[in-house]
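Take a look at the letters that make up each chain.
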Amino acid sequence: MSGSSNLVAMKKVVQQLRFEASINRVKVSQAAADLQQFCMQNALQDPLLTGVSSSTNPFRPQKVCSFL
Amino acid sequence: MAAEKAEMDALKKECDGLRAQIEAARKAVNDNTMSGAAGGVASVGRVQLKLRKTLKGHLAKIYAMHWSADSRQMVSASQDGKLLVWDCFTGNKLVAVPLKSAWVMSVAFAPSGNLVASGGLDNICTVYNIKAASPKTLRELDAHTGYLSCCRFLSDSEIITASGDTTCCLWDLETGKQKIMFTNHIGDCMSLALSPDMNTFISGACDSLAKLWDVRDGACKQTFSGHTSDINAIAFFPSGNAVITGSDDCSCKMYDLRSDQEVIGYQDTSLNAGVTSLALSSSGRLIFAGYDDFNCHIWDSLKGEKVGVLSGHDNRVSCTGVPDDGMGVCTGSWDSFLKLWN
């Protein structure tokens, strides 16, 4: 009967919302500070930020090799 | 009948109450903005990456690509009915996998490098062993009732899939059977991303929601709203504490998992194209987002500013990926080419 399956579905929605409502939330200021700190700590190891020198660039156009 | 209606009304009221409670709880911790907090952070300046290689070989639109864990090999999928495995250092094609169905939408590399998986409008996720003398079909994972939009390996024995049937699924590759179904979205699931610790994953769907799931117990732990159209792309911030989404509403958003809310949006009035794909640099500072306007735009994740663009494709950028070592960005396009930038 469609009525009771709607009820079952609705109960699941309520159950899910109860679960999601129950979590602890951290202040955005704290969360933002932590994300910033992660970026700062890893900035020097981020090749796309620091740049890649041509001698160590794995994607640089290959020099042609020839058999002599 | 009347009793049922009364119960339904009571449940609806409880739903509304809970939604209001969640919004109030989110507001209560919303004591600052990300961009405000990033006031003291140095700007990254203009990010100008160079095109290093154009990978030619596909004969039709490229729909997906995925880097190998070795940061050297990469697999791409095209509706020419092939998967190509590339050595991105030399630009050589290493393996070509012919597909039973050309309508491919997703491709994934297993962390071991031994397997790749793909799927699309056939509703099936097919897993191939690419270390065999010629690519061998290992498993056909056939249970979704909608298209396969995304797949990601946990290991050589487990894979997670996202489908147009609104569910995601964890499969056991030894048996070929579904282990866990993740059901809660009310629209086609379009993409998924694994957390760095692989205990959770996030999915983005056409219901404009992003959901965080527990891999082991199937529970939907958190739901993030705010987008006004389909979420096509999703990725974890490398610390695992935030999630970035890209949508047909032409914006990207960052949601912090611990604050349970959107903390910053990435949009520009001049950008009127949907976001198809996204990837982050290794520190999380740069977001590379592929758009329908044929470009990949680069955003400063902390300040919310556009800091660069990768231009060169002649059609929609459909996929974007940064390898684990962070050494470059790969963009794939409907123009049939893949480009490597750094």
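Computed from a prediction, not measured in an experiment: that's the story for all the values here. (Residues numbered from 1 in each chain as written. Chains lettered and ligands numbered in written order. Predicted model: local features only at pLDDT ≥ 70, side-chain atom pairs only at ≥ 80, totals over all residues. Heavy atoms only, no water.)

**Remarks on the pairing of strand 25 (residues 306-310) of chain B**
Right, on to step 1. As paired elements, strand 24 (residues 296-300) of chain B and strand 25 of chain B share 4 bridges and run antiparallel to each other. The partner of B:Ile298 across the bridge, within strand 25 of chain B, is B:Gly308. (Pairing = 2+ DSSP bridges. Helix = DSSP H or I, 4+ residues; strand = E, 2+ residues; numbered from the N terminus.)

**Overview of the pairing of strand 21 (residues 261-266) of chain B**
Residues and elements named next belong to chain B.
Right, on to step 1. Bridge count for strand 20 (residues 252-256) against strand 21 is 5 bridges, and the pairing is antiparallel. Bridged to Met-254 within strand 21 is Ile-264.
Right, on to step 2. Joining the antiparallel neighbours strand 20 and strand 21 is a turn of 4 residues, in which Asp-260 adopts a positive phi near 60°.

**Details of the interface of chain A and chain B**
Right, on to step 1. Each partner contributes to the interface: chain A provides 46 residues, whereas chain B provides 66 residues.
Right, on to step 2. Note on chain A versus chain B: buried area summed over both sides is about 4700 Å², and carbon and sulfur give 68% of it.
Right, on to step 3. Of all residues in chain A, the largest losses of buried area upon contact with chain B belong to A:Arg25, A:Leu48 and A:Phe59, amounting jointly to 19% of the total for that side.
Right, on to step 4. Linking chain A to chain B there are 4 salt bridges.
Right, on to step 5. Note that B:Asp260 and A:Arg25 form a salt bridge whose closest N and O atoms lie 2.9 Å from each other.
Right, on to step 6. At the surface where chain A touches chain B, the tally comes to 17 residue pairs in polar contact (both at pLDDT 80 or more). (Contact = heavy atoms within 4.5 Å. Buried area = accessible area lost by both parts, 1.4 Å probe. Salt bridge = Lys/Arg side-chain N within 4 Å of Asp/Glu carboxyl O. Polar contact = N/O pair within 3.5 Å; in protein donor to acceptor, adjacent residues only side chain to side chain.)

**Points about the UniProt feature "coiled-coil region" (unreviewed entry) in chain B**
Right, on to step 1. Taking the numbering used here, the UniProt-annotated feature "coiled-coil region" (unreviewed entry) corresponds to residues 1-28 of chain B.
Right, on to step 2. As annotated, residues 1-28 of chain B has a helix share of 96% and a strand share of 0%, and its two end C-alpha atoms lie 40 Å apart. (UniProt positions renumbered as here; feature names shortened; annotations may be inferred.)

**Description of the environment of B:Glu14**
Right, on to step 1. Counting through the fold element by element, B:Glu14 comes out in helix 1 (residues 2-28).
Right, on to step 2. Placed 171 residues apart in sequence, B:Glu14 and B:His185 show a C-alpha to C-alpha distance of 20 Å.
Right, on to step 3. Every residue in contact with B:Glu14, bar those within four places of it in the chain, is listed here: A:Val14 and A:Arg18.

**Topic: the UniProt feature "repeat: WD" (unreviewed entry) in chain B**
Residues and elements named next belong to chain B.
Right, on to step 1. Taking the numbering used here, the UniProt-annotated feature "repeat: WD" (unreviewed entry) corresponds to residues 55-96, 141-181, 182-223, 224-265 and 310-342.
Right, on to step 2. Regarding residues 55-96, the helix share stands at 0% and the strand share at 57%, and the terminal C-alpha atoms are separated by 14 Å.
Right, on to step 3. Taken end to end, residues 224-265 is 0% helix and 55% strand, and its first and last C-alpha atoms sit 13 Å apart.

**Brief notes about the pattern of salt bridges**
Right, on to step 1. Counted by the stated rule, this structure contains 14 salt bridges over all chains.
Right, on to step 2. Where A:Lys11 meets B:Glu7, a salt bridge forms, and the shortest distance between an N and an O atom there is 3.2 Å. Taken together, the residues span two chains, with A:Lys11 in helix 1 (residues 2-21) and B:Glu7 in helix 1.
Right, on to step 3. A salt bridge links B:Glu262 to B:Lys253, with the nearest nitrogen and oxygen atoms 3.3 Å apart.
Right, on to step 4. By sharing partners, the salt bridges in this structure join A:Arg25, B:Glu23, B:Arg26 and B:Asp260 into a single network.

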